[in-house]
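# Architecture at a glance
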Amino acid sequence: MTEHSDVPTFRPSDPPLKHLSVEFVGSFPDPGVQLTPPLPEIAFVGRSNVGKSSLLNALTGLAGLARVSSTPGKTAHVNVFRFPGFYLVDLPGYGFARASKSAREGYRRLVDGYLRKRERLAGVVWLLDIRHLPSKDDQAMQQLLIEAGTPILAVFTKADKLGREAQSAQSRALARALGLDQDHTQLVSSTSGQGIAELGASILAATGRENG
Ligand code: GTP
Ligand code: MG
């Protein structure tokens, strides 16, 4: 029998981004920062603690790539990661209760500025916790996204917190509340890996790299 243990393997269920090289470009306070070379960008937005940084780590299979914390507000700047042919951008989260007024305004300027200024923004992955209907802050974000006119994919996070039946019921309810077709939504769990491969494929498609 041939010994196959040294052969690198590739499973269909692996997240597509896992096989791409990734480099941390930097953490920028200016949402208008010039990135060189200019490439299509995909941004992650969502309320603080919704799981943006965890999702980036799950998509790449790199546990320490983006900083994850149970303390809301950990991602304070525009964090840019370069992949072959595109950038993924981890934005700070909105709407955590203990944030000061000036922190909230600072956040708003940053994200608002980012969404309006990026000429190469190819898509926004908008994260919402599967367990909660859209908050006032989510609704404000939706307004901003509509005004910015960028294609969005609504992603419902922390699916592992619910059983399968509750997952379907909640994703229907959330899609309805957002006025979105369920086809434009995706359930994910960074903990169990559910939906991660599908989301990776959608991201590649949005950047024009569907074949990896
Ligand atoms: P900010 O940077 O503050 O905006 O937060 P974030 O959206 O980047 O969230 P982060 O990835 O830091 O995760 C927040 C908390 O949720 C951490 O305690 C994570 O371990 C937890 N978490 C993230 N994703 C999941 C998931 O899929 N399932 C479960 N059960 N917990 C998760
Ligand atoms: Mg974060």
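Note that the coordinates shown come from a computational prediction; the quantities given were computed from them, not determined experimentally.

What counts and what doesn't
- Residues numbered from 1 in each chain as written.
- Chains lettered and ligands numbered in written order.
- Predicted model: local features only at pLDDT ≥ 70, side-chain atom pairs only at ≥ 80, totals over all residues.
- Heavy atoms only, no water.
- Helix = DSSP H or I, 4+ residues; strand = E, 2+ residues; numbered from the N terminus.
- Buried < 20%, exposed > 50% of the residue type's maximum accessible area, 1.4 Å probe, protein only.
- Areas by Shrake-Rupley, 256 points an atom, 1.4 Å probe, with all protein chains shown as cover.
- Expected span 1.5 Å × (residues − 1).
- Contact = heavy atoms within 4.5 Å.
- Pairing = 2+ DSSP bridges.
- Axes fitted to C-alpha atoms, helices over the stretch in contact; angles between N-to-C directions.
- Core = buried A, V, L, I, M, F, W, Y, C linked by side-chain atoms within 4.5 Å.
- Parallel < 35°, antiparallel > 145°, perpendicular 65-115°, else oblique.
- Nonpolar A, V, L, I, M, F, W, Y, C, P; charged D, E, K, R; others polar.
- Phe/Tyr/Trp six-rings, centres within 6.5 Å; stacked < 30°, edge-to-face > 60°.

### What to know about the overall build of the protein chain
- Each helix and strand counted, the protein chain has five helices and seven strands in total.
- In sequence order, the protein chain lays out its α and β elements as β-β-α-β-β-α-β-α-β-α-β-α.
- Going through the 212 residues of the protein chain one by one, you find that 44% of them count as buried.
- For the protein chain, the accessible surface area stands at approximately 11100 Å², while carbon and sulfur atoms represent 50% of it.

### Observations regarding the environment of Gly61
- Looking at the secondary structure, you find Gly61 in the loop between helix H1 (52–60) and strand S3 (78–83).
- Taking relative accessible area as the criterion, Gly61 reaches 44% and is therefore assigned partly exposed.
- Along the sequence, Gly61 and Lys18 sit 43 residues apart, while their C-alpha atoms lie 5.6 Å from each other.

### Description of helix H2 (residues 101–117)
- Helix length check: H2 (17 residues) gives 24 Å between terminal C-alpha atoms against 24 Å at 1.5 Å per residue, within 8%.
- Within H2, burial applies to Tyr107, Leu110, Val111, Asp112, Gly113, Tyr114 and Leu115.
- Where H2 is buried, its residues touch strand S2 (41–46), S3, strand S4 (86–90), strand S5 (121–129) and helix H3 (136–148).

### Things to note about the sheet that holds S4
- Taken together, the seven strands give an open sheet; going across it, the order is S1-S3-S4-S2-S5-S6-S7, and neighbouring strands pair in mixed fashion. Both edges of this open sheet fall to strand S1 (23–28) and strand S7 (185–187), since each of them pairs with a single strand only. In this sheet, adjacent strand axes meet at a mean angle of 25 degrees when their direction is disregarded.
- Taken together, the five bridges between S1 and S3 define a ladder with antiparallel strand orientation. Bridge pairing in S3 places Glu23 opposite Arg82.
- Here helix H4 (residues 164–178) sits on the sheet and contacts S5, strand S6 (152–157) and S7; the angle it forms with S6, its principal contact strand, is near 145 degrees.

### A few points about the nonpolar core
- By size, the foremost hydrophobic cluster in this structure holds 31 residues, and its most contacted members are Leu91, Tyr114, Leu115, Trp126, Met141 and Phe156.
- Broken down by secondary-structure element, the contributors of at least two residues to this core are S2, S3, S4, H2, S5, H3, S6 and H4.
- Broken down by element, this core gets its largest block of residues, five residues, from H2.
- In this structure, Phe44, Val50, Ala58 and Val155 belong to the second largest nonpolar core, which totals 23 residues.

### Section: the packing of H1 against helix H5 (residues 196–206)
- Contact geometry for H1 and H5: axes closest at 10 Å, N-to-C directions at 90 degrees. Regarding the angle of H1 to H5, the classification is roughly perpendicular. Within the contact between the two elements, H1 uses Leu55, Ala58 and Leu59 and H5 uses Ile196, Leu199, Gly200 and Ile203.
- Here the contact of H1 with H5 is built from residues that sort into six nonpolar, one polar and no charged.

### Overview of the pairing of S5
- Of all the nine residues making up S5, eight are buried; the element is thus mostly covered by neighbouring parts of the structure.
- Alignment of S2 against S5, held across six bridges, turns out to be parallel. Looking at S5, one finds that Phe44 is bridged to Val125.

### Brief notes about the packing of aromatic side chains
- Scanning the model with the defined rule gives two aromatic pairs in all.
- Ring geometry for Phe24 against Phe81: centres 5.3 Å apart, planes inclined by 50 degrees, an arrangement best described as tilted. Separated by 57 residues along the polypeptide, Phe24 in strand S1 and Phe81 in strand S3 bring together distant segments of the chain.
- Relative accessible area serves as the criterion here: at 45%, Phe24 is assigned to the partly exposed category.
- For Phe81, a relative accessible area of 2% corresponds to the buried category.
- An angle of 5 degrees between the planes, with centres 5.1 Å apart, marks the rings of Phe83 and Phe86 as stacked.
- Phe86 gets classed as buried once you look at its relative accessible area, which sits at 0%.

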